[in-house]
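Residue strings, one per chain:
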Amino acid sequence: MAIRRLRLVLLAVLAFAARPSGELTGQGPRPADKPAPAAGVDLHGDPLPAGARARLGTLRFRVADHVNAAALSPDGKVLAISGQGITLLDAVTGKEVRRLVNGYVGANALIFSPDGKALAGVNGAGRVQLWDIRNGNSLGEFQAQGPQSRLISLTFSGDGKALAAGNEVFGQQQAIVHVWEIAGRKQLARVEAVQNYRVLTALSGDGKVLATWGTYINRNGGMHNPEPAQTIQLWDVASGKELRRVRVEHNAVATAALSPDGKTLAATTGGSTVYLWDATTGKEQRRFAGRRGLGAYLGFSRDGKVLAAAGYDGTVQLWAASTGRRLGLCEPPQCRFNGLGFLADGRALAWGVEGQTVCLWDVPSGKSATPLVAHANRVTSLVFRAGGKELLTTSLDGKVFTWDTATGKTVREGQVRDNDGSRNPYGGYTSYGGPAASRYQSLVLSPDGKHAAGGSGYNSTMRLWDVATGRAVCDFEGGRSDSQALTFSPDSSLLAVANFDRSVRLWDVHTGQQLRQVKFQKGEARAMAFSPNGKALAVARNDYEPNTGHQITEIDVIETDTGRAICSIKRMNAYLNAVTFSPDGRVLATAGQTPAVDLWDAATGKELRRLEGQAGGVFCLAFSPDGRTLAAGAQQYGRAGAAATSGVTVWELATGQVRVQYAGHIGLVTALAYAPDCRTLASGSSDTSIVLWDLAGDAAQATAKELPEQEVTALWGDLAGADAQRAHAAVRKLRAAPAQALALFRKHLRPAQASTVTAGQIGKLIAQMNDRRFPVRNRAQKALEDLSVVALVPLRAALKEPLASEEQRRRIGTILQKVEKISLAPEELRGARAVETLEYIATAEARQFLTELAGGAPVAGLTREARGVLRRLDLRAR
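Residues numbered from 1 in each chain as written. Predicted model: local features only at pLDDT ≥ 70, side-chain atom pairs only at ≥ 80, totals over all residues. Heavy atoms only, no water.

Side note on the layout of surface pockets
- The calculated volume of the second largest pocket comes to roughly 1,500 Å³.
- For the second largest pocket, the lining is made up of 42 residues, of which Leu-382, Pro-447, Thr-580, Leu-621 and Leu-672 are closest to its centre.
- At the level of elements, β29 (379-385), β33 (442-445), β37 (486-488), β41 (524-530), β45 (576-581), β49 (618-623) and β53 (669-674) are the ones that each hand at least two residues to the lining of the second largest pocket.
- Per element, the largest residue contribution to the lining of the second largest pocket is six residues, and it comes from β29.
- Class assignment for the residues of the lining of the second largest pocket results in 31 nonpolar, ten polar and one charged. (1 Å grid on protein atoms, 1.4 Å probe; cavity = no way out; pocket = protein on both sides within 12 Å on 5 of 7 lines; lining within 4 Å. Points joined across faces, edges and corners; volume = space filled by probe spheres on them. Helix = DSSP H or I, 4+ residues; strand = E, 2+ residues; numbered from the N terminus. Nonpolar A, V, L, I, M, F, W, Y, C, P; charged D, E, K, R; others polar.)

Describing the sheet that holds strand β36 (residues 472-476)
- Strand order in this open sheet of four strands is β33-β34-β35-β36, and the pairing throughout is antiparallel. For this open sheet the edge positions go to β33 and β36, each flanked by a neighbour on one side alone. Neighbouring strand axes in the sheet, compared pairwise and without regard to direction, differ in orientation by 20° on average.
- Looking at chain direction, strand β35 (residues 462-466) and β36 are connected through four bridges and run antiparallel. Its bridge partner being in β36, Met-462 is matched across the sheet by Phe-476. (Pairing = 2+ DSSP bridges. Axes fitted to C-alpha atoms, helices over the stretch in contact; angles between N-to-C directions.)

Thoughts on the sheet that holds strand β5 (residues 96-100)
- What the four strands build is an open sheet, ordered β2-β3-β4-β5; its pairing is antiparallel. The outermost strands of the open sheet, each flanked by one partner alone, are β2 (69-72) and β5. On average, adjacent strands in this sheet sit at an angle of 20° to one another, irrespective of strand direction.
- Looking at chain direction, strand β4 (residues 86-90) and β5 are connected through four bridges and run antiparallel. Each bridged residue has a counterpart across the sheet, and for Leu-88 the counterpart in β5 is Arg-98.

Concerning the packing of helix α4 (residues 738-748) against helix α10 (residues 844-854)
- One can describe the packing of α4 onto α10 by two numbers: an axis separation of 11 Å at closest approach and a directional angle of 15°. One finds that α4 runs roughly parallel with respect to α10. In the packing of α4 onto α10, the handedness of the crossing is left-handed. Here Leu-742, Phe-745 and Arg-746 of α4 lie close against α10, whose contacting residues are Glu-845, Ala-846, Gln-848, Phe-849 and Glu-852.
- Residues belonging to the contact of α4 with α10 are distributed by class as follows: four nonpolar, one polar and three charged. (Parallel < 35°, antiparallel > 145°, perpendicular 65-115°, else oblique. Left-handed = near helix turned anticlockwise from the far one by under 90°. Contact = heavy atoms within 4.5 Å.)

Side note on the pattern of salt bridges
- Scanning the entire structure with this criterion turns up 39 salt bridges.
- Salt-bridge contacts for Glu-559 lead to Arg-564; the nearest nitrogen and oxygen are separated by 2.5 Å.
- Given the relative accessible area of 49%, Arg-564 is considered partly exposed.
- Here Glu-839 ties to Arg-872 by a salt bridge, and the two come within 2.8 Å at their closest N and O atoms. You can see Glu-839 sitting in helix α9 (residues 826-841) and its partner Arg-872 sitting in helix α11 (residues 861-877), a full 33 residues away along the chain.
- With a relative accessible area of 9%, Arg-872 lands in the buried category.
- When salt bridges that share partners are traced, they join Asp-626, Arg-628, Glu-839, Glu-865 and Arg-872 into one network. (Salt bridge = Lys/Arg side-chain N within 4 Å of Asp/Glu carboxyl O. Buried < 20%, exposed > 50% of the residue type's maximum accessible area, 1.4 Å probe, protein only.)

Right, here's the structure in full:
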């Protein structure tokens with residue numbers, strides 16, 4: 001019975017078209033060689049990073065991550081943006097001018113001095129810092145005195161001599177406002193406002209009068225007193241004494257402004273009314289109506305004749321300050337309003353943020369000064385189509401672009417349509433309580449590019465769209481909205497969605513029917529992946545141990561048909577962001593906040609290898625279609641103000657070494673995809689751009705040249721070596737001499753001979769490992785090890801049967817430990833690299849030799865490598 005079972009198992013193995021593709025060498029990672037410098041620019045004239053074919057989209061008017069604050073210089077020429085750090089952009093071209101090194105990450109408030117020479121910002125430590133924008137040098141800091149609090153707002157006086165800062169307090173502390181003298185770096189005033197939570201400020205043009213208002217919280221219970229939130233206080237800066245108070249009738253004061261001469265005070269409440277008072281007497285002068293939602297901004301022109309107010313939706317309205325006569329209304333492009341400034345010539349420019357893109361527009365014409373090009377937010381998924389000639393991309397802005405990969409130009413632009421139930425309009429709030437930086441919290445393409453799925457941060461519904469029309473198809477209730485918490489099956493027929501009830505549901509994409517629900521006892525799913533055949537689903541769940549508080553991650557591989565667990569992996573202190581299967585389905589790769597990538601046996605959960613060699617954490621992973629390499633998107637951060645270094649690390653699976661590293665994104669790498677021919681790797685980023693990396697070296701490929709024979713011999717040796725970078729360099733050199741390379745390969749490579757081993761022979765060898773003679777047991781073990789993958793499934797089956805001795809079980813375990821590793825012997829490694837070289841050469845003669853190699857034994861690695869190359873070459877020829 002056991003022998004018959006082994007025969008059936010062997011037949012299944014011989015039909016199995018997968019092959020291990022790596023070897024544990026015991027050597028540590030080496031620093032990657034730098035790619036050859038790129039010789040081109042993108043479509044906007046900006047230089048490409050080293051090793052890149054093209055950039056899809058642009059970095060202009062883009063920042064690396066979410067925007068905390070922004071400010072426009074008084075002359076309208078420089079735009080300051082605070083995100084991971086503080087970046088100065090040319091407000092006309094959108095190109096980066098410089099980065100300010102402040103020792104902290106970002107700033108939650110920014111403002112230019114009236115002369116435009118200095119920039120003030122509230123840094124991460126709650127101090128106010130000043131920079132000279134002409135050279136980026138620090139001009140010093142201002143430290144708030146008194147109870148600790150978080151500074152949140154900044155205001156210069158019109159003459160630039162004074163700076164006021166409001167704060168945010170917690171507990172029973174008092175809201176404090178500080179006013180400093182710029183020249184002497186000394187405190188001019190410190191006043192206690194009637195508000196007890198957040199307090200905002202405005203200074204008169206001469207800096208003599210300070211206005212404060214803000215938020216009041218009823219912390220002690222009892223009857224709520226709305227008066228503090230409806231009150232604006234006016235202060236004499238010189239003495240620090242309160243001059244007077246004014247009060248609005250409805251709601252709370254949202255924003256206020258003092259006219260340049262300090263004689264008029266204006267305020268809005270977030271409703272539709274604008275109030276004006278005589279600041280010297282506190283007497284109301286007039287009130288007039290605007291559109292609802294006023295409260296995002298209020299300010300006077302430099303001459304005090306025009307009053308501008310902006311609503312939370314970004315709509316800007318203008319009035320004559322003396323009469324209230326309407327002067328215009330401007331509805332902005334679709335973005336989160338951030339600020340408005342009056343230029344010296346009387347023009348008004350408003351600015352806002354759409355994801356990682358900064359928008360500038362003229363008021364009141366509404367004409368955009370920064371037309372949006374391509375994606376405006378984090379890139380979430382990439383799908384190659386038409387044999388790699390086109391690339392589909394999605395972003396959290398809800399747009400779907402189709403690109404020509406040869407030219408870098410847009411072929412089609414689409415937009416998934418939504419409603420208020422599945423979008424974040426104009427910076428609402430995410431499920432984490434912070435301001436939304438995007439319209440969606442997830443958007444993922446199906447592998448066939450026909451559907452997209454995603455959701456918002458405050459609505460748990462997952463929506464399915466038809467990409468061609470942008471129309472919503474159906475909604476899947478109860479799903480998480482995180483971008484890693486949903487995934488399509490490889491054939492695009494299934495959608496897996498992680499849910500808030502710690503379960504994963506499988507949906508039929510074509511019918512909308514829920515097929516299965518798999519529940520877990522703890523942890524929330526942050527990453528999922530289907531196996532290549534769609535029969536297994538890997539779910540990575542992150543949680544904390546209740547007793548110690550340590551991070552714990554569990555990866556479960558389950559059958560999609562039954563929900564039954566195939567294997568389970570547990571890791572400590574390894575918060576995961578990404579999980580993916582190898583093309584043959586045998587290897588599972590996982591990665592997260594630590595720099596390493598772990599490889600596991602997908603059937604048993606055994607650890608195969610740890611890949612190292614990059615400095616930061618990993619956000620996304622992708623195996624190459626040929627299974628030779630694995631790419632990881634970096635999550636690297638530099639010090640505040642330093643140039644970003646995020647990029648891609650590519651490992652060779654056969655050696656576990658870094659083959660090449662690319663750097664060129666200013667934001668995190670959030671999506672990866674290989675082209676079907678494995679010559680190009682696409683990386684999408686939080687900086688909104690997509691870079692196509694030249695894996696084959698096409699851009700730097702020199703014309704064919706003759707190599708010295710001794711060098712050809714040395715390169716043949718390099719192909720069998722464990723040094724991945726040296727071997728890759730050998731591949732490129734041989735590719736540059738195609739005639740010599742082909743002659744070399746024909747001399748040394750032959751089609752693999754078919755194995756004559758039978759199921760009965762494997763069964764006999766397994767039985768011999770229990771022979772009473774020690775040499776027989778050893779020979780049997782060595783023979784089974786030599787059979788490698790051919791013996792893999794029979795050995796696993798034998799372990800499930802009653803065995804004659806514990807030694808027999810131990811020997812089987814030892815064999816499996818070696819066979820299950822993703823290993824290649826040196827000669828196998830050389831053959832695989834030679835076939836890769838032939839794929840790059842791709843001449844008629846190279847194809848003919850590949851055809852000969854593809855005629856070898858079906859289970860041989862060389863045969864399957866050659867067949868895979870021929871399939872990819874046929875795909876490229878279509």
